[in-house]
Amino acid sequence: MAEFETVIAGAGIAGLAAALLLARSGRRVSIFERTAVHYEVGAGLQLSPNAGRILEHLGLGAALDAVAVRPVAIDIYSAAHPRPVVSLPLAGSAQRSGGIYRVVHRADLQAVLLAAVHNDPAIELTLAAPLVDLKSTPEGIDFSIAGRSHRARLLIGADGIRSVVRPLIDPSWSPAPARRTAWRTTIPADDAPADLARDRVSVFLNDRSHVVVYPIRSGREINIVAIVEEDWEGEGWAEPGDPEAIQAHFRKAPTLLADIIAAGVSWTRWCLRAVEPSGPWHSDHAVLVGDAAHAMLPFLAQGAAMAIEDAAILARCLTRQPGDMEGALALYERLRKPRVTRVWHAARQNGTIYHMGPLTAAFRDATMKALGGERLLARYDWLYSWKQNA
Ligand SMILES: Cc1cc2nc3c(=O)[nH]c(=O)nc-3n(C[C@H](O)[C@H](O)[C@H](O)COP(=O)(O)OP(=O)(O)OC[C@H]3O[C@@H](n4cnc5c(N)ncnc54)[C@H](O)[C@@H]3O)c2cc1C
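Just so it is clear, the structure is predicted and the values come from calculations on it, not from any experiment. (Residues numbered from 1 in each chain as written. Predicted model: local features only at pLDDT ≥ 70, side-chain atom pairs only at ≥ 80, totals over all residues. Heavy atoms only, no water.)

Trainee: In this structure, what is going on with helix α5 (residues 106-118)? I would like to understand it.
Mentor: Helical geometry note: an α-helix holds 3.6 residues per turn, so side chains three or four residues apart project in the same direction. In a regular helix each residue adds 1.5 Å, so 13 residues correspond to 18 Å; α5 covers 18 Å between its end C-alpha atoms and thus fits that length. Extensive coverage of α5 is indicated by the burial of 10 of its 13 residues. Listed in full, the buried residues belonging to α5 are Arg 106, Ala 107, Asp 108, Leu 109, Gln 110, Val 112, Leu 113, Leu 114, Ala 116 and Val 117. (Helix = DSSP H or I, 4+ residues; strand = E, 2+ residues; numbered from the N terminus. Expected span 1.5 Å × (residues − 1). Buried < 20%, exposed > 50% of the residue type's maximum accessible area, 1.4 Å probe, protein only.)

See the structure below:
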């Protein structure tokens, strides 16, 4: 049996970030990733300052800037208004939150993290290596990969919403479908409607649906995510979606929004699911980070950001208490839970606000307009200004 000090299950954003941060604190880390080819097509991510700051600290700021876009604002449209109801000025927020807001293709972020992992001699990454047959023992976590037995003194479950590590810690766990589907596509920027602003995030609130649009790949492509209320419960994160079905959803939407949806040629669907953050996140030799611990609805664009924050705090706790792993894991859970729980619920609440019907939407729009972009953004200072030592 091969024995490891620290194993990470999963090389998604949580796993790669955790590996880099743990290696930086002096640990040797082995990552095992289920899939063979490690990239994802067709999706963007908003990378808010609270997470960007950690990646900059790892020296990845320039690599990120080479592929990302720094949006100047978040414009919020509502079905009843042809022009944005309110615009949240992100350029100003950089001064306030002390960080940069970026939008990036997920595969580009993954590639930046992977390059750093490959350059770090303390990290060993094995692809096409799913962990199976996991078992807790007093000495560590036993598992198999391709028929070979292994033991990890510390196993970090960064294996996403269908985690195989989670049942070791929380047997009652199950991700709950949110009765909402994310339809996603990217298009060349040249194919987007001429009226779409290319330098910002545009959020279109519609009747019981919403659409988020922003530039990625240094502005060459536009990412489009449409969230609609549906009972479909498909398992995959990128099942093919019929363009006519999503166009039908937005046929009566304002012209700009209908045109954006019509510009999408090849759509994928993802049934949104969430995992309550209240369950346990660690046992004696295992701990969860990212979606495995607390998958959240994407209405605050914080799932990946929280995964990166988790990684930073876990590395710090393990460094602070080198001879007391159980104490370090308990401290990690204690430090992370209040913040993640707040973000998790704020994301859920945004879903309700974004999907209001026409009557309540009128009140919502009037409130947003009265508050104005600066004050609306200031309501998220607690989120974006977060620093590791806070
Ligand atoms: C539509 C949509 C839009 C989003 N937009 C944003 C956004 O703008 N900003 C943001 O911060 N977040 C966003 N999120 C959330 C974000 O995508 C997730 O929170 C984040 O990707 C979670 O990362 P993770 O590494 O925890 O999990 P995952 O990305 O799921 O990675 C898990 C990894 O573990 C591997 N794995 C699984 N099982 C095993 C096993 N047995 N052995 C080995 N490996 C295994 C998988 O192959 C995978 O590579 C969005 C989510 C959705 C659905």
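Trainee: Even after reading the chapter, I still don't get the packing of aromatic side chains, so can you show me in this structure?
Mentor: Geometrically, a pair of aromatic rings is defined through the distance of the ring centres and the angle of the planes. Using the criterion set out here, one finds seven aromatic pairs in the structure. Measuring from centroid to centroid gives 6.2 Å for Phe 32 and Phe 143, while their planes differ by 65 degrees, and the two rings are edge-to-face. Highlighted residues: Phe 32 in strand β2 (residues 29-32) and Phe 143 in strand β9 (residues 141-145), separated in sequence by 111 residues. The class of Phe 143 is buried, set by a relative accessible area of 1%. Geometrically, the ring pair formed by Tyr 77 and Phe 204 is stacked, given 4.4 Å between the ring centres and 20 degrees between the ring planes. Separated by 127 residues along the polypeptide, Tyr 77 in strand β4 (residues 73-78) and Phe 204 in strand β12 (residues 201-206) bring together distant segments of the chain. A relative accessible area of 9% means that Tyr 77 is categorised as buried. (Phe/Tyr/Trp six-rings, centres within 6.5 Å; stacked < 30°, edge-to-face > 60°.)

Trainee: Looking at this structure, how should I read the environment of Ala 19?
Mentor: Its place among the elements puts Ala 19 in helix α1 (residues 13-24). For the pair Ala 19 and Ala 378, spaced 359 residues apart in sequence, the C-alpha to C-alpha distance is 33 Å.

Trainee: Any chance you could explain the layout of surface pockets here in plain terms?
Mentor: Take a probe with the size of a water molecule and roll it over the atoms, and the empty space left behind shows itself. Looking at the second largest pocket, its volume works out to about 220 Å³. As for the second largest pocket, its lining consists of 17 residues, and the residues nearest its centre are Ala 79, Ala 80, Asn 206, Asp 207 and Pro 358. Top element by residues in the lining of the second largest pocket is helix α12 (residues 358-378). It accounts for five residues. For the lining of the second largest pocket, the per-class residue count stands at nine nonpolar, four polar and four charged. (1 Å grid on protein atoms, 1.4 Å probe; cavity = no way out; pocket = protein on both sides within 12 Å on 5 of 7 lines; lining within 4 Å. Points joined across faces, edges and corners; volume = space filled by probe spheres on them. Nonpolar A, V, L, I, M, F, W, Y, C, P; charged D, E, K, R; others polar.)

Trainee: How should the sheet that holds strand β13 (residues 209-216) be read in this particular structure?
Mentor: Strand pairs in the sheet, formed through backbone hydrogen bonds, run parallel or antiparallel to each other. Pairing is mixed across the open sheet formed by eight strands, whose spatial order is β5-β4-β12-β13-β14-β11-β16-β15. Each edge of the sheet is formed by a strand with only one pairing partner; in this case those strands are β5 (86-89) and β15 (239-241). Pairwise comparison of adjacent strand axes, ignoring direction, gives a mean angle of 25 degrees for this sheet. Note that β15 and strand β16 (residues 267-274) share three bridges and pair antiparallel. Following the sheet pairing, Gly 241 is matched in β16 by Trp 267. Seen against the sheet, α12 touches β4, β5 and β12 and runs at an angle of roughly 15 degrees to β5. (Pairing = 2+ DSSP bridges. Axes fitted to C-alpha atoms, helices over the stretch in contact; angles between N-to-C directions. Contact = heavy atoms within 4.5 Å.)

Trainee: Help me understand the site of the ligand in this model?
Mentor: Residues in close proximity to the ligand total 31 residues, the closest being Ala 14, Glu 33, Gln 46, Arg 106 and Asp 291. In the environment of the ligand, an oxygen atom lies 3.2 Å from a nitrogen or oxygen atom belonging to the backbone of Ile 13. In this structure, Arg 106 approaches the ligand through a side-chain N or O atom, which is 2.7 Å from an oxygen atom. Considering the ligand on its own, with 1,000 Å² of exposed area, one finds that the protein chains cover 89% of that surface. (Near = heavy atom within 4 Å. Polar contact = N/O pair within 3.5 Å; in protein donor to acceptor, adjacent residues only side chain to side chain. Areas by Shrake-Rupley, 256 points an atom, 1.4 Å probe, with all protein chains shown as cover.)

Trainee: When you look at the environment of Ala 17 in this model, what are you seeing that I'm missing?
Mentor: Residue position: Ala 17 is located in helix α1. Once the C-alpha coordinates of Ala 17 and Val 117 are considered, the two residues, 100 residues apart in sequence, prove to be 8.9 Å apart. Contact partners of Ala 17, with chain neighbours within four places excluded, come to Ile 308 and Ala 311.

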